[in-house]
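The residues making up each chain are set out below.
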Amino acid sequence: MCRPEHFTVLYEINPWMHSEVRPDPERAMAQFDGLMAELRAAGAEIELMEPVEHLPDLVFTANAGVVNGRQFVPARFRHPERQGESAYDAEWFSAHGFAVEWLPEASSTRAPATPCLSAHRGEPLVLVSAYRFRSDAASHPALSKLTGAPVRSVELTDERLYHLDLTFCPLDDRRAMVAPLGLDAYGRKVIDALVPELLVLEDDEALAFCANSVVVANNVIMPSCPPRLGRVLEAWGFSVAIAPVDEFLMAGGACRCLTLALDVDLRGG
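I will try to describe carefully the structure that is included in this document. What you see is a predicted model, and the numbers here were worked out from it, not measured in a lab. (Residues numbered from 1 in each chain as written. Predicted model: local features only at pLDDT ≥ 70, side-chain atom pairs only at ≥ 80, totals over all residues. Heavy atoms only, no water.)

### Let's talk about the overall build of the protein
Step number 1: Within the protein, the secondary structure is distributed over eight helices and twelve strands.
Step number 2: For 269 residues, the compact-globule formula gives about 18 Å, and the C-alpha radius of gyration of the protein, at 17 Å, lands near that figure.
Step number 3: In terms of overall dimensions, the protein has C-alpha extents of about 45 × 40 × 35 Å along its principal axes.
Step number 4: Counting all 269 residues of the protein, 52% fall into the buried class. (Helix = DSSP H or I, 4+ residues; strand = E, 2+ residues; numbered from the N terminus. Rg over C-alpha atoms; globule rule 2.2 N^0.38 Å. Buried < 20%, exposed > 50% of the residue type's maximum accessible area, 1.4 Å probe, protein only.)

### Concerning the packing of aromatic side chains
Step number 1: Overall, the coordinates contain seven aromatic pairs when judged by the stated rule.
Step number 2: Aromatic side chains tryptophan 16 and phenylalanine 209 sit 5.0 Å apart centroid to centroid with 90° between the ring planes, which places their arrangement in the edge-to-face category. With tryptophan 16 in the segment before α1 (25-41) and phenylalanine 209 in the loop between α6 (203-207) and β10 (214-216), this pair connects stretches of sequence that are 193 residues apart.
Step number 3: Members of the aromatic cluster, each reached through a chain of ring pairs, are Phe72, Trp92, Phe93 and Phe98.
Step number 4: Geometry around phenylalanine 98 places arginine 70 over its ring, the cationic atom sitting 3.9 Å from the centre. (Phe/Tyr/Trp six-rings, centres within 6.5 Å; stacked < 30°, edge-to-face > 60°. Lys NZ or Arg CZ within 6 Å of the ring centre and 35° of its normal.)

### Digging into empty space enclosed by the protein
Step number 1: Under the criterion given, the structure shown has five cavities of 30 Å³ or more.
Step number 2: The volume enclosed by the largest cavity comes to roughly 60 Å³.
Step number 3: Forming the walls of the largest cavity are 14 residues, and the residues nearest its centre are Phe60, Asn63, Arg82, Tyr162 and Ala251. (1 Å grid on protein atoms, 1.4 Å probe; cavity = no way out; pocket = protein on both sides within 12 Å on 5 of 7 lines; lining within 4 Å. Points joined across faces, edges and corners; volume = space filled by probe spheres on them.)

### Brief notes about the pattern of salt bridges
Step number 1: Summed over all chains, the structure comprises ten salt bridges.
Step number 2: One salt bridge connects arginine 175 with glutamate 197, and the closest N-O pair in it is separated by 3.7 Å. Taken together, the positions of arginine 175 in strand β8 (residues 175-178) and glutamate 197 in strand β9 (residues 197-200) put the pair 22 residues apart, joining distant regions of the chain.
Step number 3: You can call arginine 175 buried: its relative accessible area is 19%.
Step number 4: You can call glutamate 197 partly exposed: its relative accessible area is 25%.
Step number 5: Within this structure, Asp172, Arg174, Arg175 and Glu197 form a network of salt bridges that share partners. (Salt bridge = Lys/Arg side-chain N within 4 Å of Asp/Glu carboxyl O.)

None of the figures reported here should be taken as evidence of function without further support.
Quick look at the structure:
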């Protein structure tokens, strides 16, 4: 995670961002601290990355790249406003003992600007990677080659759900939340084939960023949780915690966007 010391909205690169509406710095910091507290209460250990003054979106560490054991594949950001983040992300991971391996530039000028999310039915682990608004499907074969994991490409269809982690949230080996609003028909079939039990989000739940949640063991930390979702998650054995992050919603990110899991190992399934 990265503390939001320099977080603000200076530009508009997704439908949620309006540069004339700025987040409240003190409230953003309080919400960030609240999210960290919920994560730690769920059993997570947190590493903090130093914020950088001219990179307000560095706080959204989920976008940094793909973690695979001690390998880190940095994102190559589509928007110039965020391209400066890659060097800092790579430097942090290198300093913490990760092997940094870049996607080939020729095939990745529009590479995933968000980490691929995972779902699987047994072995092997499969990466689900989205394309269209932020990412280029041409980068997916190179990502598969680097990580050794098969990649399933899905197309995003609603610009409000411009990242995969706004439409798809794996919960465990069998279950996930999915927002059909954000996926084309083929993408919905891909998810259906990979995940035995799906919690299908209604449109208003998807646009409230319910899929942008963090899962730690059987704990789900969410920006909000309508009663219907809470009942299903609790019936499945999950504990739900709410961490309001509406200041960050102004930039198009919520709980999942503010975190990057470091314990992912695609080779282990």
